[in-house]
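Here is how the chains run, residue by residue.
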Amino acid sequence: MAKVIVCKTALRKEKCYSIRQIVFIEEQKVPKELERDGKDDAAIHFLALEGDVPAGTVRLTLIGRNGKLQRLAVLKEFRGKGIAKQIVKALEKEALAQGLEKITMHSQSHAKGFYEKLGYEVSGKEFMEAGIPHVPMEKRLTGKKKYDDYKLTTIF
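Owing to the predicted nature of the structure, the values given are computational and were not obtained by experimental measurement.

*Asks:* Would you mind going over the layout of surface pockets with me for this structure?
*Replies:* The gaps left among the atoms become clear once a water-sized probe is rolled over them. Size it by volume and the largest pocket reaches roughly 860 Å³. A per-element tally of the lining of the largest pocket places strand β4 (residues 66-74) first, with seven residues. Here the lining of the largest pocket is composed, by residue class, of 17 nonpolar, nine polar and nine charged.

*Asks:* Please explain helix α1 (residues 10-27) as it appears in this structure.
*Replies:* Since the α-helix advances by 3.6 residues per turn, residues separated by three or four positions end up pointing in the same direction. Between its terminal C-alpha atoms α1 stretches 24 Å, which fits the 26 Å expected from 18 residues at 1.5 Å a residue. Looking at α1, one finds that the buried residues are K13, C16, Y17, I19, R20, V23, F24 and I25. The elements touched by buried residues of α1 are β1 (3-7), α2 (32-35), β2 (44-50), β3 (53-63), β4 and β5 (102-108). K29 lies just past α1 and shows a positive phi near 60°.

Rules of the game
Residues numbered from 1 in each chain as written. Predicted model: local features only at pLDDT ≥ 70, side-chain atom pairs only at ≥ 80, totals over all residues. Heavy atoms only, no water. 1 Å grid on protein atoms, 1.4 Å probe; cavity = no way out; pocket = protein on both sides within 12 Å on 5 of 7 lines; lining within 4 Å. Points joined across faces, edges and corners; volume = space filled by probe spheres on them. Helix = DSSP H or I, 4+ residues; strand = E, 2+ residues; numbered from the N terminus. Nonpolar A, V, L, I, M, F, W, Y, C, P; charged D, E, K, R; others polar. Expected span 1.5 Å × (residues − 1). Buried < 20%, exposed > 50% of the residue type's maximum accessible area, 1.4 Å probe, protein only. Contact = heavy atoms within 4.5 Å.

Okay, here's the thing in structure tokens:
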């Protein structure tokens with residue numbers, strides 16, 4: 001099981017950006033100016049570590065009483081090991097701690113089933129973003145018990 005940490009330092013955040021560079025810009029050919037959209041400074045960043053090796057990332061942006069899950073990425077060699085699920089659950093646990101009521105996102109259409117298994121629902125029609133089909137999704141957050149198994153470490 002990977003360890004998921006909340007990144008507070010520039011060095012840790014750079015590891016997140018490196019993963020996003022590989023997954024979104026290099027693998028998926030998303031233009032760099034779209035991937036680095038200027039919202040990173042205000043976001044909460046999460047980094048999944050397999051041992052000491054960075055394996056995946058996601059960011060949470062706060063919008064009033066809601067949060068937006070963005071930039072979920074897992075390096076190819078770590079896919080299929082449940083790391084993405086761990087990252088999402090850690091993000092949800094932090095969102096609850098922040099007092100958020102709902103998480104929204106733009107899921108790549110091919111990943112819709114993954115998010116549905118985690119309780120997210122499609123909330124609109126498919127659209128194109130960065131040349132990739134996406135669907136809007138959301139999940140209402142309730143209770144803390146189901147997140148207790150997902151350890152979250154804050155690194156300063």
